[in-house]
Amino acid sequence: MADVAGTGDWLAVAPAGRVGAGPLPVTVDGVPLVLLRAADGVPVAWLDRCPHRLVPLSAATVEGGALRCPYHGWAFTADGRCVDLPSRPPGAPLPPRAHLAPGPRVREADGTVWLDRSGLAGAGPEPLLSNVDDVLSRAWHPVALSTEVTAERRVLLVGREWTLRRTDRGSLAAEPGPHGLRERWGVVWLAPGPPAVELFDDPDDEDAAYVGAWLPPVRTPAPAGAVADNFLDVAHFPFVHAGTFGAGEERVVPEYQVTPEPDGCRSVQEQWFDNPADPGVAAGLRPVRQRRRATYVYRAPFQLMLRLEELDAGAVKTILFFVQPESLTSSRIYTKMLLYGIGGVPRPGPDVVAREVAFEEAVLAEDLALQRQMRLTGLPLRPRDELHVRADRLGVALRTELRRFVARTS
């Protein structure tokens, strides 16, 4: 069948029996698409990406006849309308660009679904900050935990390989020789070229009395920019983290402010959360629903910190989060926890620390599962390529600072 409708360049893309209410991914001329049937049984096709953060809609679930994006829960009917944007306040209007952009024409004939490839626009977002972008050579990056470098260790950074080694006196050396090499927070940091941004202030000075614990480093195929954006994002909790803490999180994100700082930003947010592990809850002293203050700190390109203060129970958890851009398809994540007052005592014991580490590993595993569904090889830096809403102020600040970083180092 060369032409089902009389015009166009029609291509058979799937047996009709495989196209149902759920998303069926297909790729035509290198363009990822999703096929599904509308309520009237007619097949339709859309670009395989949510307009918000460009996560593939082929990973969406079907709820009430609509596709729900796995990242932030945006929901779309088969005709492309966005019918739910959970982070917005009740009654707030939907942004016009929240709806899916028109897809290619689709026809069903002879037991086959056909697509008009002449209407296919495959241009992706530009520019992308990828893990191998040379501008990242002008920054400090984590390349190993200090405990991982006992003799020689090969590491990958911005698409290049270095060999780390310990000298007889215990100091560090690297080949080929980088511009800078240092240890801080129990991490080995390497700067391939003159860094445009220094490491941010040492939080261990503030939290010297806290108990520290590292999570085992993990890898993700997502670009470092997307990993950093995921860490700063507050709207994905109810959807990505439903298996750990997200089920009790509010879907509507209260308005919050972001304060620019040199080479980054800071945001202080007060949130409600469920705290069943608080001993005061078991003793009947406090309700399970409690308040916390969340302070997010970001420094370009991929240094992050989150300080969670339980305002009712008095416990504090600080999370240091660093990302190593290894290759186009690999980033390595380093996470350190600093704990105070967890379990009702100033310095929690080994059992409590192990429990907190295991919980944080489970939370990170949920993020990694989402990141494995992403397709982009970099973070879009042009504002128009994604749809930013009020809940995304930290993500917008991240992209703004990365654009400045690129401008300074190009």
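Before reading further, recall that the structure is shown in the block above.
Given the structure is predicted, the values throughout are model-derived calculations rather than measurements. (Residues numbered from 1 in each chain as written. Predicted model: local features only at pLDDT ≥ 70, side-chain atom pairs only at ≥ 80, totals over all residues. Heavy atoms only, no water.)

*Asks:* Help me understand the overall build of the protein chain, please; the structure alone is not making it clear to me.
*Replies:* Scanning the protein chain from terminus to terminus reveals 6 helices and 26 strands. A globule of 410 residues ought to have a C-alpha radius of gyration of about 22 Å, and the protein chain, at 24 Å, matches this closely. Counting every position in the protein chain, which comprises 410 residues, the buried fraction comes to 51%. Counting only contacts in the protein chain whose residues sit at least 6 apart along the sequence, the fraction spanning at least 24 positions is 59%. Surface exposure of the protein chain reaches about 17600 Å², of which carbon and sulfur atoms provide 52%. Charge centroids of the protein chain, computed over 45 positive and 51 negative side chains, lie 2 Å from each other. (Helix = DSSP H or I, 4+ residues; strand = E, 2+ residues; numbered from the N terminus. Rg over C-alpha atoms; globule rule 2.2 N^0.38 Å. Buried < 20%, exposed > 50% of the residue type's maximum accessible area, 1.4 Å probe, protein only. Contact = heavy atoms within 4.5 Å. Areas by Shrake-Rupley, 256 points an atom, 1.4 Å probe, with all protein chains shown as cover. Lys, Arg positive; Asp, Glu negative; His and termini not counted. Charge placed at Lys NZ, Arg CZ, Asp CG, Glu CD.)

*Asks:* Is there a simple way to explain the pattern of salt bridges in this structure?
*Replies:* Think of it this way: side chains of opposite charge can pair up when their charged atoms draw near. A complete count under the given rule lists 35 salt bridges for this structure. Residue Glu255 is joined to Arg393 by a salt bridge in which the shortest nitrogen-to-oxygen separation is 3.1 Å. A residue pair is termed long-range when its members are at least 10 positions apart, and Glu255 in the loop between helix 3 (237-240) and strand 20 (259-261) and Arg393 in helix 6 (residues 393-409) qualify at 138 residues. Residues Asp278 and Arg286 are paired through a salt bridge, measuring 2.7 Å at the closest nitrogen-oxygen approach. (Salt bridge = Lys/Arg side-chain N within 4 Å of Asp/Glu carboxyl O.)

*Asks:* In this structure, what is going on with the sheet that holds strand 7 (residues 75-76)? I would like to understand it.
*Replies:* Sheets are built from strands that pair by backbone hydrogen bonding, the pairs being arranged parallel or antiparallel. With antiparallel pairing, 4 strands are arranged side by side in an open sheet as 5-6-7-8. The strands lining the two open edges of the sheet, one partner per strand, are strand 5 (61-63) and strand 8 (82-84). Sheet topology places strand 5 next to strand 6 (residues 66-68); 3 bridges connect them, and they run antiparallel. Pairing of Thr61 across the sheet is with Arg68, part of strand 6. (Pairing = 2+ DSSP bridges.)

*Asks:* Just to check I follow, could you spell out the nonpolar core for this structure?
*Replies:* Generally speaking, nonpolar side chains in soluble globular proteins are found buried as a group. In this structure, Trp74, Leu129, Leu164, Leu232, Tyr296, Tyr298 and Phe321 are the most contacted members of the largest nonpolar core, which totals 83 residues. For Tyr296, the residues in contact, after removing those within four places along its chain, are Phe231, Leu232, Val234, Phe237, Cys265, Arg266, Ser267, Gln269, Met305, Leu306 and Leu394. Judged by nonpolar contacts, the second largest core, of 15 residues, contains Val13, Val31, Val106 and Leu120. (Core = buried A, V, L, I, M, F, W, Y, C linked by side-chain atoms within 4.5 Å.)

*Asks:* In this structure, what is going on with the pairing of strand 4 (residues 43-47)? I would like to understand it.
*Replies:* Side-chain positions along a regular strand alternate between the two faces of the sheet. Of the strand pairs in this sheet, strand 3 (residues 31-37) and strand 4 are connected by 5 bridges, and their pairing is antiparallel. Looking across to strand 4, one finds that Arg37 is bridged to Pro43. Hairpin remark: strand 3 followed by strand 4, antiparallel, with 5 residues in the connecting loop; positive phi at Gly41, about 85°.

*Asks:* Can you help me understand the sheet that holds strand 15 (residues 172-175) in this one?
*Replies:* Taken in spatial order, the 3 strands line up as 13-14-15 in an open sheet, and their pairing is antiparallel. Every interior strand has two partners, whereas the edge strands, strand 13 (152-157) and strand 15, have only one. Strand-to-strand twist of the sheet, defined as the mean angle between neighbouring strand axes without regard to direction, takes the value 30°. As paired elements, strand 13 and strand 14 (residues 160-166) share 6 bridges and run antiparallel to each other. Each residue of the ladder has a partner; that of Glu152, found in strand 14, is Arg165. (Axes fitted to C-alpha atoms, helices over the stretch in contact; angles between N-to-C directions.)

*Asks:* What should I look at first to understand the state of the cysteines in this one?
*Replies:* Between two cysteines, a covalent bond joining their sulfur atoms is known as a disulfide. Inspection of every chain in the model, using the stated rule, returns 0 disulfides. You can see Cys69 has no disulfide; the closest cysteine sulfur is in Cys50, sitting 4.1 Å from it. On the accessibility criterion, Cys69 (3% relative accessible area) is buried. Cys82 takes part in no disulfide bond, and the closest cysteine sulfur, belonging to Cys50, lies 7.6 Å away. Judged by its relative accessible area of 3%, Cys82 is buried. (Disulfide = S-S within 2.5 Å.)

*Asks:* I keep staring at the packing of aromatic side chains and nothing clicks. Help me out?
*Replies:* Centre distance and the angle of the planes are the two values used to describe a pair of aromatic rings. Scanning all chains against the criterion turns up 9 aromatic pairs. Ring centres of Phe231 and Tyr296 lie 6.5 Å apart, and the angle between their planes is 80°; this geometry places the pair in the edge-to-face category. One end of the pair, Phe231, is in helix 2 (residues 224-232); the other, Tyr296, is in strand 22 (residues 289-299), with 65 residues separating them in the sequence. Its relative accessible area of 2% is what places Tyr296 among the buried residues. Centre to centre, the rings of Phe237 and Phe245 are 5.1 Å apart; their planes meet at 70°, and the pair counts as edge-to-face. Note on Phe245: relative accessible area 25%, which makes it partly exposed. (Phe/Tyr/Trp six-rings, centres within 6.5 Å; stacked < 30°, edge-to-face > 60°.)

*Asks:* Please explain the side chain of Glu249 as it appears in this structure.
*Replies:* Note that Glu249 resides in the loop between helix 3 and strand 20. Within the local environment of Glu249, its side chain forms a polar contact with the side chain of Arg292, the two groups lying 3.4 Å apart. With residues up to four places along the chain from it excluded, the contact list for Glu249 reads Phe237, Pro238, Trp272, Phe273 and Arg292. (Polar contact = N/O pair within 3.5 Å; in protein donor to acceptor, adjacent residues only side chain to side chain.)

*Asks:* Just to check I follow, could you spell out helix 2 for this structure?
*Replies:* Since there are 3.6 residues in each turn of an α-helix, residues three or four apart along the chain are aligned in direction. In terms of residue burial, helix 2 counts as a mostly covered element, since 9 of its 9 residues are buried. Residues of helix 2 that are buried include every one of Ala224, Gly225, Ala226, Val227, Ala228, Asp229, Asn230, Phe231 and Leu232, and no others.

*Asks:* Hey, could you run me through the packing of helix 2 against helix 6 in this one?
*Replies:* Describing two packed helices takes the angle between their axes plus the distance from one axis to the other. Interaxial distance between helix 2 and helix 6 falls to 9 Å at its minimum, and their mutual angle equals 150°. In terms of orientation, helix 2 lies roughly antiparallel with respect to helix 6. Relative to helix 6, helix 2 is oriented so that their crossing is right-handed. Packed against helix 2, whose contacting residues are Gly225, Ala228, Asp229 and Leu232, the element helix 6 presents Leu394, Gly395, Leu398 and Arg399 at the interface. In terms of residue class, the contact of helix 2 with helix 6 is built from 4 nonpolar, 2 polar and 2 charged. (Parallel < 35°, antiparallel > 145°, perpendicular 65-115°, else oblique. Left-handed = near helix turned anticlockwise from the far one by under 90°. Nonpolar A, V, L, I, M, F, W, Y, C, P; charged D, E, K, R; others polar.)

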